[in-house]
Amino acid sequence: MGDMEQEQSAARTEELQQHTPSTASSVSISSSPSQSLSSSPSSGPYHHHQPTSSSPTDSDSPGAPSPTLDVISEGLTELTLVIDPEVAKKACQEVLQKVKLLQGEGEGSEGGPDHTLVNGTVHNKPTDTAAAGGGGIIKPRRIHEEDDPDSLTPGSVKSARRRQRHNPSKQSWLLRLFESKLFDVSMAISYLHNSKEPGVQAYIGNRLFSFRHEEVDFYLPQLLNMYIHMDEDVGDAIKPYVVHRCRQSISFSLQCAWLLGAYSSDMHISTQRHSRGTKLRKLIFSDELKPSGVRARQPLTLTPFNPLPTATPALHGHGVGAEHSLSPTKRTHQRSKSDATVSISLSNNLKRTASNPKVESSQDEPVRLTPQREFIKSLMGIGKRLATLPTKEQKTSRLISELSLLNHKLPARVWLPTAAFDHHVVRVPHTQAVVLNSKDKAPYLIYVEVLECEDFETSNVPVRISETRIRSTRSVENLLDCGITADQRAGSFSTVPNYDDDNEAWSVDDIGELQVELPELHTNSCDNISQFSVDSITSLDNKEPIFIAAGDIRRRLSEQLAQTPTTFRRDPEDPSAVALKEPWQEKVQRIRECSPYGHIPTWRLLSVIVKCGDDLRQELLASQVLQQLQVIWEQERVPIWIKPYKILVTSSDSGMIEPIVNAVSIHQVKKQSQMSLLDYFLQEHGIHTTEAFLTAQRNFVQSCAGYCLICYLLQVKDRHNGNILLDAEGHIIHIDFGFILSSSPRNLGFETSAFKLTSEFVDVMGGLGGDMFNYYKMLMLQGLIAARKHMDKVIQIVEIMQQGSQLPCFHGSSTIRNLKERFHMSLTEEQLQVLVEQMVDCSMRSITTKLYDGFQYLTNGIM
Amino acid sequence: MSQLEKKAGLLRRTSSSKKPLKEKVVLMYDEIFVKDDPAKTNPRFWDELFLMKVNLEYLETKLESLDGDEVMKTKDNVNSLFHHCVQTLAEEHQIKVVNALQTLCALFRGVHQKNKSASGFDIINMLMGFDKAELRMKDLMESLDSLLCGEGSESLKALCLKLLLCLVTVTDNISQNTILEYVMINSIFEAILQILSDVSNRGRHGYDAVVLLALLVNYRKYESVNPYIVKLSIMDDEPTLDGMGLVVGQALTEYNRQYKDKEEENLGGFFSTLTSMVGSMFIADADEKLSVQTNEAILLALYEAVHLNRNFITVLAQSHPEIDIPTTPTTPISTTPTTPLGTTPPSTDVMNSSELPLDPNLQTSNLLITFLKYSSIVMQDTKDEHRLNSARLCLIILTCIAEDQYADAFLHDDNMNFRVNLHRMPMRHRKKAAEKNVPSRPLVCAVLDLMVEFIVTHMMKDFPMDLYMRCVQVIHKLICYQKKCRIRLHYTWRELWSALINLLKFLLSNETVLLAKHNIFHLALLVVNLFNMFITYGDTFLPTSNSYDELYYEIVRMHQVFDNLYCMVLRVSTNAGQWKEPASKVTHSLVNVRAIINHFNPKIESYAAVNHISQLSEDQVLEVVRSNYDTLTLKLQDGLDQYERYSEQPKEAAFFKDLVRSISLNVRKNVSLTTLSQDVLLKEFSTIS
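The rules behind each value
- Residues numbered from 1 in each chain as written.
- Chains lettered and ligands numbered in written order.
- Predicted model: local features only at pLDDT ≥ 70, side-chain atom pairs only at ≥ 80, totals over all residues.
- Heavy atoms only, no water.
- Helix = DSSP H or I, 4+ residues; strand = E, 2+ residues; numbered from the N terminus.
- Buried < 20%, exposed > 50% of the residue type's maximum accessible area, 1.4 Å probe, protein only.
- Contact = heavy atoms within 4.5 Å.
- Areas by Shrake-Rupley, 256 points an atom, 1.4 Å probe, with all protein chains shown as cover.
- Pairing = 2+ DSSP bridges.
- pLDDT = per-residue confidence, 0-100.
- Patch = residues over 30% accessible without salt bridge, like charges linked within 9 Å, V, L, I, M, F, W, Y side chains within 5 Å.
- Salt bridge = Lys/Arg side-chain N within 4 Å of Asp/Glu carboxyl O.
- Axes fitted to C-alpha atoms, helices over the stretch in contact; angles between N-to-C directions.
- Parallel < 35°, antiparallel > 145°, perpendicular 65-115°, else oblique.
- Left-handed = near helix turned anticlockwise from the far one by under 90°.
- Phe/Tyr/Trp six-rings, centres within 6.5 Å; stacked < 30°, edge-to-face > 60°.
- Lys NZ or Arg CZ within 6 Å of the ring centre and 35° of its normal.

Looking at the overall build of chain A
Phase 1 of the analysis: Scanning chain A for helices and strands turns up 41 helices and 10 strands.
Phase 2 of the analysis: For chain A, the residues scored as buried account for 57% of the 863 residues in total.
Phase 3 of the analysis: Within chain A, contacts between residues at least 6 apart in sequence are counted, and of these 78% link residues at least 24 apart.
Phase 4 of the analysis: Total accessible area on chain A is roughly 35000 Å²; 54% of this is exposed by carbon and sulfur atoms.

Quick notes on the pairing of strand S1 (residues 423-427) of chain A
Residue and element names in this part refer to chain A.
Phase 1 of the analysis: Among the 5 residues in S1, 5 count as buried, and that is most of the element.
Phase 2 of the analysis: The sheet contact formed by S1 and strand S3 (residues 444-452) spans 4 bridges and is antiparallel. Bridging from a neighbouring strand, Arg427 pairs with Glu449 of S3.

Overview of the confidence of the model for chain B
Residues and elements named next belong to chain B.
Phase 1 of the analysis: Overall, the prediction assigns chain B a mean pLDDT of 79, with 80% of residues at 70 or greater.
Phase 2 of the analysis: Of all helices and strands in chain B, the one with the weakest mean pLDDT is helix H19 (residues 349-352) (38), whereas helix H24 (residues 465-485) scores best (93).
Phase 3 of the analysis: In this model residues 1-19 is a low-confidence stretch, pLDDT under 50, and it forms 17 contacts with partners more than four residues away in sequence or in other chains.
Phase 4 of the analysis: In the model, residues 322-361 has pLDDT below 50 throughout and makes 91 contacts with residues more than four positions away in sequence or in other chains.
Phase 5 of the analysis: Across the assembled chains, the prediction reports ipTM 0.74 with pTM 0.65.

Quick word on a nonpolar patch on the surface
All names here are of chain B.
Phase 1 of the analysis: Nonpolar side chains collect at one region of the surface, where Val225, Val230 and Ile234 lie side by side and expose about 310 Å² of accessible area between them.
Phase 2 of the analysis: Note on placement: Ile234 falls in helix H13 (residues 227-234).
Phase 3 of the analysis: The exposure class assigned to Ile234 is exposed, which follows from its relative accessible area of 60%.

Brief notes about the sheet that holds strand S10 (residues 732-734) of chain A
Residues and elements named next belong to chain A.
Phase 1 of the analysis: Within the open sheet, the 3 strands sit side by side as S8-S9-S10. Their pairing is antiparallel. Sheet topology places strand S8 (663-665) and S10 at the edges, where each strand pairs with a single neighbour. The sheet shows a mean angle of 35° between the axes of neighbouring strands, taken without regard to direction.
Phase 2 of the analysis: One ladder, built from 3 bridges, connects S8 with strand S9 (residues 724-727); its direction is antiparallel. Within S9, the residue paired with Ser665 across the bridge is Leu725.
Phase 3 of the analysis: The strands touched by helix H35 (residues 691-714) within the sheet are S9 and S10, with S10 carrying the most contacts at an inclination of about 20°.

Here we look at the pattern of salt bridges
Residue and element names in this part refer to chain A.
Phase 1 of the analysis: Taken as a whole and judged by the stated rule, the model has 43 salt bridges over all chains.
Phase 2 of the analysis: For Arg212, the salt bridge is made with Glu214, and the minimal N-O distance between the two is 2.8 Å.
Phase 3 of the analysis: Its relative accessible area of 41% is what places Arg212 among the partly exposed residues.
Phase 4 of the analysis: The closest approach of N and O atoms between Asp615 and Arg617, which form a salt bridge, is 2.8 Å.
Phase 5 of the analysis: Take Asp615: its relative accessible area is 32%, and that puts it in the partly exposed class.

Digging into the packing of helix H12 (residues 185-194) of chain A against helix H38 (residues 791-802) of chain A
Axes are the key here: two packed helices are described by the angle between their axes and the distance separating the axes.
Residue and element names in this part refer to chain A.
Phase 1 of the analysis: Where H12 meets H38, the axes come as close as 10 Å, and the angle between the chain directions of the two elements is 45°. For the element pair H12 / H38, the angle class is oblique. Remark: the crossing between H12 and H38 carries left-handed chirality. Contacts from Ser186, Ile189, Ser190 and His193 in H12 reach Lys793, Gln796, Glu799 and Ile800 in H38.

Points about the packing of aromatic side chains
Phase 1 of the analysis: With the rule as written, the count across this model stands at 32 aromatic pairs over all chains.
Phase 2 of the analysis: Ring centres of Phe183 of chain A and Phe211 of chain A lie 6.2 Å apart, and the angle between their planes is 40°; on these two criteria the pair is classed as tilted. One end of the pair, Phe183 of chain A, is in the loop between helix H11 (168-179) and H12; the other, Phe211 of chain A, is in the loop between helix H13 (198-207) and helix H14 (213-218), and 28 residues separate them in sequence. The exposure classification of Phe183 of chain A matches that of Phe211 of chain A, with both residues buried.
Phase 3 of the analysis: Taking 5.3 Å as the distance between ring centres and 90° as the angle between the ring planes, the aromatic pair formed by Trp497 of chain B and Phe534 of chain B counts as edge-to-face. Taken together, the residues span a long stretch of sequence, with Trp497 of chain B in helix H25 (residues 493-509) and Phe534 of chain B in helix H27 (residues 520-541) at a distance of 37 residues. When sorted by exposure, Trp497 of chain B lands in the same class as Phe534 of chain B, which is buried.
Phase 4 of the analysis: Over the ring of Phe656 of chain B we find Lys221 of chain B; its NZ or CZ atom is 4.8 Å from the centre of that ring.
Phase 5 of the analysis: Taking NZ or CZ as reference, Arg594 of chain B lies 3.7 Å from the ring centre of Tyr566 of chain B, over its face.

Here it is as structure tokens:
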């Protein structure tokens, strides 16, 4: 039955599309119920089959089958309609009815669900007249109507309704909260997770539409994990939003699909196959959520929930954003087919012309998700193959040749999901790639050249520029800039007149001549000529000789060696050290000069770590917590510095990480420099009193405080120097959150110290008694207080992810409780200060007694 | 010279097998070589002729045996035969096409053998007739082009290439082959490119195509505008360039492999039981056994590509897994694999097989590495003419590479590290380096190693002056690049310094012998100026401050050599004579080296005296050097970082002329139509038709 309906609805969809956008818009724009009903052409066909899918309740609500509902049911093709959509709608409307009631908008049409249901569009009236705040609420309701035909079981709805009736006051407070400006995504997620009331869940599901995309995106792992592992009510509340976003964006689709796969992986294999998560994933991968058919109707779904575009800022943003992304996409897609066919025929004809750069010109993928999936797949494939090779060196050279093959398939409509802007990948400078340090896996770091674009879905894929074209951009003149900055050159060669004893006879003219010659030596021209002038070595006797001191040459050599930013020595066992040490800007410059695409203004360089065989879900969780804490500290004006980095989970054992630029691990620093951390700071930034050093030291302290807190709160373990980076500004950055919360290496239980604080770190901070060390402790205290204030936001991120998870960090039953305890809600600020002192002390001494014991004693003693 | 033999050889080889068929076709040939038009009596004569199995030997002999009068008598019929051959090429009947191609071959060869003294125009007249020659050749080239580019039989394509190679090499001096003028007008360049860009075609015909291209490029290179030169130099199609690189790379790899196999054979069988001392006595024998026929044709192709085409340089660095097995794909991978990313069309075969073979022992390689290995083998032994030429060509190619900015960029790219196992000549005073221990370094280190290796191993009575010059110039060019771009290469410069000093020493000790043949001052000047580069510009490209000290140490340590050199050049330059001028240049160039020696030697001696040490250790000397820089003044010399750019035109023209001649002879010898046995062809076509 369900299938039948799908086909029919698909057919109807086409029909609808042919019915010109004007019908759609007339439906959407209309605020009067009668108009909206009568003008919708699709309601006709809908009625034909409505009885087959809908339940008895259908008769209750004759006006309900709105065109929009019809539209969405097509979108959810994979679902069999076991639940009556009308019931869901009822429940939802009930909630909204309450809202209206509370608003007291003089409508008076309170309470009765029957009233509400008589006409699905009744609410538009109050909306129109409503204050700005109301618009945001009405809007999601429409969505809900459309998107969620099958959400709730009648039983639960009824009970919910009953409950609502019985607790009007509680409900009203809740609703007041929901409608208030304070209500943000975090709260929405929290209520979605905690509320047992389907109505509330459904409401929040709709409410998601009103938030900005980026805000919701932050909680995507949580949303999807709830979708997979929580009961159906929650899932049904979330789904419309997810489906809607998937239609809009390839990137979102893929991210959803990957996360769904990753978070479903802990389920038993038999349940997994039939789980809703797997189904949704399949749906996305099947590419049925493509906008092609849908886009034509988009205004239909879009505008109804956007009746007052200016009502709320969020709403406005959403509406505009959506429209932006939708209309052009549609256009492109139509064109895309012809482009693709043209280029296919072109590529077959490639043979006879000696050069035909236009062959691979812009073409859209007929299958929109495929290129990107293949791209990621091939990156992962490389990682898998590398893992089989025994030595780093073999891995590196294999990596380079693998990537050079990959290059032949670029540019393509592919992008790095970790990047912050839209782009197309045009080239992988394969020689720059390095294998990272890992025992048995082969994570590797690649640099990726991209061209920024308006929208990777619609902008044309850049034309391939053959590698050989590099020659044209790399003439001898340009080459001179490579590797040598202007001031480096200036200081590099100066023939200093040497007033040595035997040179007393120098005339003024000689010096004058020298001075004339000097600027010439400074400029490039000298070198330029040198390559071509055949005018050779014979002119020795013609000129007065120029003398230089051997000591000067030697001195310049050592000065320049010292001057050039300390580079690391190449180590075949640690190839990444050199690559990471090179300052990012220089690297960008260098690669740009060597790239055939380098001259294009929108050229950018990105980098990414490809991890294959590693589960990045914990990393993602940690990254979310870090981001949250960063926001909290910023909000509370605590000058703590941390650097969350982007994580992309593509499956439960693969993913990508955004590398931190200009940072190398402390292990690498120590191994390469063979000196203490403090000496390294002095070498890199200057002596104690310089501003550069002081800035670097402050950066170190601020970041150290942040990460110490994070290590404590999240119980980050396995803290060795290889997992702690040091950036060029002196910040430390912790990476690798493989052991957090309840898991620790080999599960030997807790490491005793709360965080890693070695005496070397303290030395950099200026010693135990120093100001900076006190500043460090103060920052920790402030940070802890601030974090405590917003504890819920942090806990919530973790708690939701615990659902259905087998991740080691959730091992045991007390993970969340322990996490909460670490925020010490019950302590006074003085007690917290003692705690911080204690922790620092303890970490310093690394005493094996349990920190918590000591603290317990202390607090108990006081209390 | 060898033509008679060859003909005899051809007869001998095939006569037994082809006897039964000989009669009929021979009769028909005989009919052609009478005055009357054979078609007169038999209107289907030509049709029938091309259905017959060709008897190459008879036809060639017949053509050869014609004397002047007979030529004039039969000219019309031979013209007619040629005309019908060309016409038949367009036919669908493949056996006829094959026979026509082979007949054409026989015609070209026969006519040339006969008319060794005759001018090219006579030949054209005899084959095609003056008035029709242009038309005939146009038709011929068009037919060949479409056969090569079409979807037809592989054997047929191979035969087309053989015919072209045959045509190109009929004369010893390619530039005297007047018929090629028509090949210039009717270019088959595009067909060659297509073969190179297509995976399966490249596997089968790539080698012939590349050799053909190399030869065509050398037709009247210096006299006229050769369209192949022009086209090759502007070609920028990546797949085609890659394809060409792969063909060259494969041929060189194959050579390297053969050499290695032979070497191992020898070592395993005979030498393993002997001590290295005893073994070294037999090296001369071993060398002969080890000599594998070098392949100048493919090297010439590499040279032309590197020299003429700027874009080809990128192909040199195109990494691919080392292919150790001669892989001529037996099954054509004709169906282009669906590109996973679905956007860009497939480019090349190795590039395209979606996954590389997973073999941990498989080293990543590239054309440049293969070439360096090849060079290291070829340079080992420069005694015979072929190898000397090969070595020279290798060095010329390296010169071109060292001059190219882009090539320099990837040679010095710190991110492209490779292990390059160069072959080293076994020598009495050194052990064969353990091959596995070569570290992975930027490619320029391998180039420098190769140069150092050459310098060290060729100081012999029969001094290869020219090669030494090129070798030192390559080093100079690389250092100029490093100086200009401030690249501090972590290379053990000491090895280079001591090699250069030893070279000077050798020049000095063999002064009289060498001066009789060579201008040794030129080489000495280059070597001293290399030292001057290090002395005056060391701050811009030396990797450590210590390396600058070591340079001084090395100079001071070997001061005797420089002193002697100075005495020698001073002596020569004060005497009037042909070497006065060049010797005085060396005198001038030595000024800084001498300043260093004169500055530090007394200091070191006094240090030894003060501390009562008879023999100073290296560290002590370095200490003295370090503490005495400031009182030393050097003279800045002009033009140290300038060099003459390589140009083929006046200087190398003779070399290339000879080289092409020898390649032509070699190719002609190897292009035997019988290798493509008719039986194979017939078998193939019997199934088709």
